[in-house]
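Letter by letter, the chains look like this.
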Protein chains: 2
Amino acid sequence: MTDRPYHHGNLRAALLAQAKRALREQGLDGLSLRELARQVGVSHAAPRRHFADRQALLDALAESGWERLGAEVRAAAARAGADYEARLCAAARAYVRFATRDAALLEVMFAGGQGRQVAPLQEAAARAFSVLVELIKDGQASGVLERGDPERMALLLFATTQGIAALVNAGIVAPKRLDRLVSDASARFLRGSRTLA
Amino acid sequence: MTDRPYHHGNLRAALLAQAKRALREQGLDGLSLRELARQVGVSHAAPRRHFADRQALLDALAESGWERLGAEVRAAAARAGADYEARLCAAARAYVRFATRDAALLEVMFAGGQGRQVAPLQEAAARAFSVLVELIKDGQASGVLERGDPERMALLLFATTQGIAALVNAGIVAPKRLDRLVSDASARFLRGSRTLA
DNA sequence: ACCTGAACACCGTTCAAGT
DNA sequence: ACCTGAACACCGTTCAAGT
């Protein structure tokens, strides 16, 4: 930190932090390993010690993205209080908020497939998904939601919120229509899955 | 066509056709203008006459992708016959089928936003979306679906199918779970939007 | 009107060599 | 154990010049 020592000290963390910034400001196409190295003040070959290639850095970004997404959705649901519809809506809102504010990061998170199978990444995504599964189980326990495989139901919720975010990020749906769309989705999901009184 | 004349004749169409192949085989990252030119047998600067830059070619691909998606969904619904749930399910199935078979093309189609606003592209997406709107209106006309803004309802259907495709393409959901997921989504959408008898 | 060839400024990746 | 510098093979984009 004093005078640019030969060893950066925590190059890996510095690269990841800078990459997150660049992703927000320039998008995925604008993310270059060489520029990252430049901005962090290190030679263009230095990142190689910490990330085998560009994709390895993207995988690391995706993994931490899934962690943060799961945490934000869980926190939003917890903050929303006791009413189940409010919690469901808050969770969905937190998801699309994350997904539309960090659109490029979401892109990286969803580029996981493509032939490759990266175990730590899949597991991180599964942990985020489990937040939704727990939410469904709560609804079932409190009698608001019908019985049935909670994973199957959570998958529909996941898909719907992800789809809404994709439509907005693609410019197909205007951002100002986002809130009502999320409310619609929550209400309809609840109505389609509510215990038949 | 005889002996590689100086003028290719229909370079634009040839580039687009080759690009579609490359997209399927190599993915979006593997799509290079220079390689396309090589494969078509033309100098690397020739595409410039027909596409201002790489993005312009991607926009053209996206536009024709939306046209084809709309046509396939419409055709699938028509083929499904009279039962409304079957038509809804067939439409959703056609969407995710397209989206998972041409995952890279879907990526291009959904990369539309990102600051840019490309009018012909937005209009092509809107035309594809209108197929779903018509499907909703049919459901309302036949009394299966409740009244209400058909665009709002179609948007939810659009988001859900797109989200399901994204989950599969990202490797988060196994392809073999696709069919049941689509059935679940259709059934639940219908149940959440059915006229209360 | 359409295409070529050379040139420019960028990449990601590799590898011997330095500290 | 970590980083540098030069090198390689690729890009997209531009522009004068050719047919």
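Residues numbered from 1 in each chain as written. Chains lettered and ligands numbered in written order. Predicted model: local features only at pLDDT ≥ 70, side-chain atom pairs only at ≥ 80, totals over all residues. Heavy atoms only, no water.

Draft legend 1. Here's a closer look at the overall build of chain A. Each helix and strand counted, chain A has 8 helices and 0 strands in total. For chain A, the succession of helices and strands along the chain, N to C, is α-α-α-α-α-α-α-α. In terms of principal-axis extent, the alpha carbons of chain A reach across some 70 × 35 × 30 Å. The buried share of chain A, taken over its 197 residues, is 49%. Accessible surface, chain A: about 10,100 Å² in total, of which carbon and sulfur atoms supply 51%. One way to put it: in chain A the 28 positive side-chain charges average out to a point 3 Å from where the 21 negative ones average out. (Helix = DSSP H or I, 4+ residues; strand = E, 2+ residues; numbered from the N terminus. Buried < 20%, exposed > 50% of the residue type's maximum accessible area, 1.4 Å probe, protein only. Areas by Shrake-Rupley, 256 points an atom, 1.4 Å probe, with all protein chains shown as cover. Lys, Arg positive; Asp, Glu negative; His and termini not counted. Charge placed at Lys NZ, Arg CZ, Asp CG, Glu CD.)

Draft legend 2. Highlighting the packing of aromatic side chains. All names here are of chain B. Overall, the coordinates contain 8 aromatic pairs over all chains when judged by the stated rule. Measuring from ring centre to ring centre gives 6.3 Å for W66 and F158, while their planes differ by 85 degrees; the resulting arrangement is edge-to-face. On the criterion of sequence distance, the pair formed by W66 in helix 3 (residues 54-79) and F158 in helix 7 (residues 150-169) is long-range, its members being 92 residues apart. When sorted by exposure, W66 lands in the same class as F158, which is buried. Taken together, a centroid distance of 5.8 Å and an interplanar angle of 75 degrees make the contact between Y95 and F158 edge-to-face. Taken together, the residues Y95 in helix 4 (residues 84-101) and F158 in helix 7 connect sequence positions 63 residues apart. Each member of the pair Y95 and F158 is classed as buried. (Phe/Tyr/Trp six-rings, centres within 6.5 Å; stacked < 30°, edge-to-face > 60°.)

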